[in-house]
Amino acid sequence: YTIVIRPSSVATTTGITTRSRIMPPRFSQKSPNNNSERHDATADTNDDANSKIMTMPEPPPTSSSHSLYHLILQNRIANERKQTTTTAIPLAGIHDALSAKIFAQHGAPALFLSGFGVSASLLGVPDAGTTNLVEMEMITRRACEAVRRAGAGTAGSGIRTGSSSGRHHRPTPPIIADGDTGYGGSANVLRTVSALGNAGAAAITIEDQKFPKKCTVAAGSEVRIASREEAAARVKCALGARDSLYGDGRNRGGAGYPWIAGRTDCRMACGFDEAVERCLRFEEAGAEIVYAENLQSRDEYERLRRALDSRTVTMIAQVQETTNTKTTTKTTNAGSGSTEDLGGGSKPLLTVQEIGEMGYDLALFGVTPLQCVVGALESTARDFLRRDERGEALVGSGIIGGDGEEFGSSSSSSSIAMADFATLKRVVGFDELADFETNFPCT
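Throughout, a residue's number is its position along its own chain's written sequence, starting from 1. It should be noted that, the model being predicted, local features are given only for residues of pLDDT at least 70 and side-chain atom pairs only at 80 or more, the latter also being counted only at that level, while totals for whole chains, interfaces and linings use all residues. To obtain the side-chain values, all non-hydrogen atoms of the structure were included, while hydrogens and water were left out.

Novice: Mind laying out the overall build of the protein chain, listing which residues take part and the relevant values?
Specialist: Runs of E in the DSSP output that reach at least two residues are strands. Runs of H or I that reach at least four are helices, and both are numbered from the N terminus. Secondary structure summary: the protein chain contains 16 helices and 14 strands in total. Across the 443 residues of the protein chain, 49% fall into the buried class. Taking all contacts inside the protein chain whose residues are at least 6 apart in sequence as the whole, residues at least 24 apart take part in 67%. Per-residue accessibility takes into account occlusion by the displayed protein chains alone, with areas from the Shrake-Rupley method and a 1.4 Å probe. About 20,500 Å² of surface is accessible on the protein chain, with carbon and sulfur atoms providing 54% of the total. The buried label goes to any residue with under 20% of its type's maximum accessible area, the exposed label to any with over 50%, and the partly exposed label to all in between, with areas taken from a 1.4 Å probe on protein chains only. By definition in these notes, contact holds between two residues if any of their heavy atoms fall within 4.5 Å.

Novice: So what's going on with the side chain of Q209? Which residues, and what values?
Specialist: Tracing the sequence through the fold places Q209 in the loop between β8 (203–207) and α8 (216–219). Reaching out from Q209, the side chain makes a polar contact with the side chain of D265 at a distance of 2.7 Å. As used in this structure description, the phrase polar contact means that two N or O atoms lie within 3.5 Å; if the pair is within protein, one of them must be able to donate a hydrogen and the other to accept it, and residues adjacent in sequence are counted only when both atoms belong to side chains.

Novice: Would you mind going over the packing of helix α6 (residues 133–150) against helix α7 (residues 186–199) in detail, with residue names and values included?
Specialist: Between α6 and α7, whose axes approach to 8 Å, the crossing angle comes to 20 degrees. Considering the angle they form, α6 stands roughly parallel to α7. Between α6 and α7 the crossing geometry is right-handed. Across the interface between the two elements, L133, V134, M136, E137, T140, R141 and C144 from α6 touch R191, T192, A195, L196, N198 and A199 from α7. Comment: axis = line fitted to C-alpha atoms, over the contacting stretch for helices; angle = value between 0 and 180 degrees taken between N-to-C directions. Relative orientations are named as follows: roughly parallel for angles under 35 degrees, roughly antiparallel for angles over 145 degrees, roughly perpendicular for angles from 65 to 115 degrees, and oblique for any other angle. Here a crossing is taken to be left-handed if its near helix is turned anticlockwise relative to the far helix by less than a right angle, and right-handed if that turn runs clockwise.

Novice: Before we move on, can you summarise the environment of M315 with the specific residues and values?
Specialist: Mapped onto the elements of the fold, M315 is located in strand β11 (residues 313–318). A relative accessible area of 2% means that M315 is categorised as buried. For the pair M315 and Y301, spaced 14 residues apart in sequence, the C-alpha separation works out to 9.9 Å. With residues up to four places along the chain from it excluded, the contact list for M315 reads L91, F112, I289, V290, Y291, Y360, L362 and L364.

Novice: Residues and numbers for the nonpolar core, please.
Specialist: We define the nonpolar core as a collection of buried residues of types Ala, Val, Leu, Ile, Met, Phe, Trp, Tyr and Cys that are connected through side-chain atoms lying within 4.5 Å of one another. Grouped together as the largest cluster of nonpolar side chains are 62 residues, with contacts concentrated most on L111, I175, V193 and L304. Other than its neighbours up to four places away in sequence, L111 contacts L91, A92, I94, A100, F103, V147, P173, P174, I175 and I176. In terms of nonpolar packing, the next biggest core, distinct from the first, is built from 23 residues, A110, F112, A203 and A261 among them.

Novice: So what about the pairing of strand β9 (residues 259–264)? Which residues, and what values?
Specialist: Extensive coverage of β9 is indicated by the burial of 6 of its 6 residues. Of the two faces of β9, the one holding W259, A261 and R263 and the one holding I260, G262 and T264 are both buried throughout.

Novice: How would you sum up the sheet that holds strand β10 (residues 289–292)? Please name residues and give values.
Specialist: Here, any two strands with at least 2 DSSP bridges between them count as paired. Strand order around the closed barrel formed by 8 strands is β3-β4-β7-β8-β9-β10-β11-β14, with parallel pairing between neighbours. Strand-to-strand twist of the sheet, defined as the mean angle between neighbouring strand axes without regard to direction, takes the value 25 degrees. In this sheet, strand β7 (residues 175–178) lies alongside strand β4 (residues 110–113) in parallel orientation, the contact comprising 3 bridges. By the bridge assignment, L113 is partnered in β7 with A177.

Novice: Residue-level account of the side chain of R278, with values.
Specialist: On the secondary structure map, R278 appears in helix α11 (residues 272–285). R278 sits in the buried class, given a relative accessible area of 3%. A distance of 2.9 Å separates the side chain of R278 from the backbone oxygen of A226, its partner in a polar contact. R278 has contacts with D208, I225, A226, S227, R228, A231, T264 and C266, leaving out every residue within four places of it along the chain.

Interpretation note: all reported values are geometric properties and have no functional meaning in isolation.
Put into structure tokens, the structure is as follows:
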């Protein structure tokens, strides 16, 4: 065990009692495999050096969390050495295999499978506890497979542009999967970690809402929160499930040993100090990632970051509530329609650079891609189903950008780009399929 003492200055910053924290031991690096033994020979040395930067040792190369660990480690080293502008790692919220593949083709370093996005894209319903584990496992598996396939491409987009000899393999972006509340008690949490881990998730988030949960930004102060003890027990249960299922990360082959992310949604219902306390409990339990949803000011994010061990992996999740990036947003209480101004100011929309400067590792924009998809479909539907001035008869030609207009032109009713069919075929992988069929003909 490593004993970490939080500085007394935190108490004056957050108003929360200072206490010693015992960080639980991580998995063993031992394995009878010869290659693994060679890896183990340097593991202790690497872990000693990296322990000043990360709280956990390097996961085994076969584990699903290995690439996520190195992504964060290398970004921290680059930020520390000022090799580049200090920045957090951008996380786009994907919602299906196609969105995962497109972001991977464009070089996304990591991705987040959003429960909000899956609820909307798979079922067309709100994120209110309506999706189940089977559905999340299915989309996680398909998204992980899609990004692996996207890794075999050419520089730039990751898409084939010439002969197969011009291809290269880019790193596969790790996917963090939304595990919601774990879908129930201990047995349910065990199955959640098993299902999403086996599907290829590099990390699984576990939150502290009561089931059925609801999107915390949409719910506002009406969000239903489990007690602090229940929240901590849920994260401990997920960690115990992971360790019992995957051991040191090698006993399930290439997939396995996902990180656990402890998440609190309690800010609007219980206040900022309670959100900090819960994050500290998640950290003490051994969660590899810790974060609080829906904090209300930059000052709150900074205070939370100072309260946690500087080596703990942290994340800020944001919703871009308006397309006007010149303004900040405020939180609207669900049901009342009122807007709260908490902490003396509007809720900021922070850039990945600002998030990195505050010491956070991951900058999640969980529904930004879905917002863009919805906006594109809304515009397309209006253009495709254009009606007369009275809104009665359909007068559209059925052709997007019809009447000789280019789709997305200033004279067109739409303002988005439409992919031509060649691009569509390329993105979904017809070029790669043609190569495979040529090399391995079969009838």
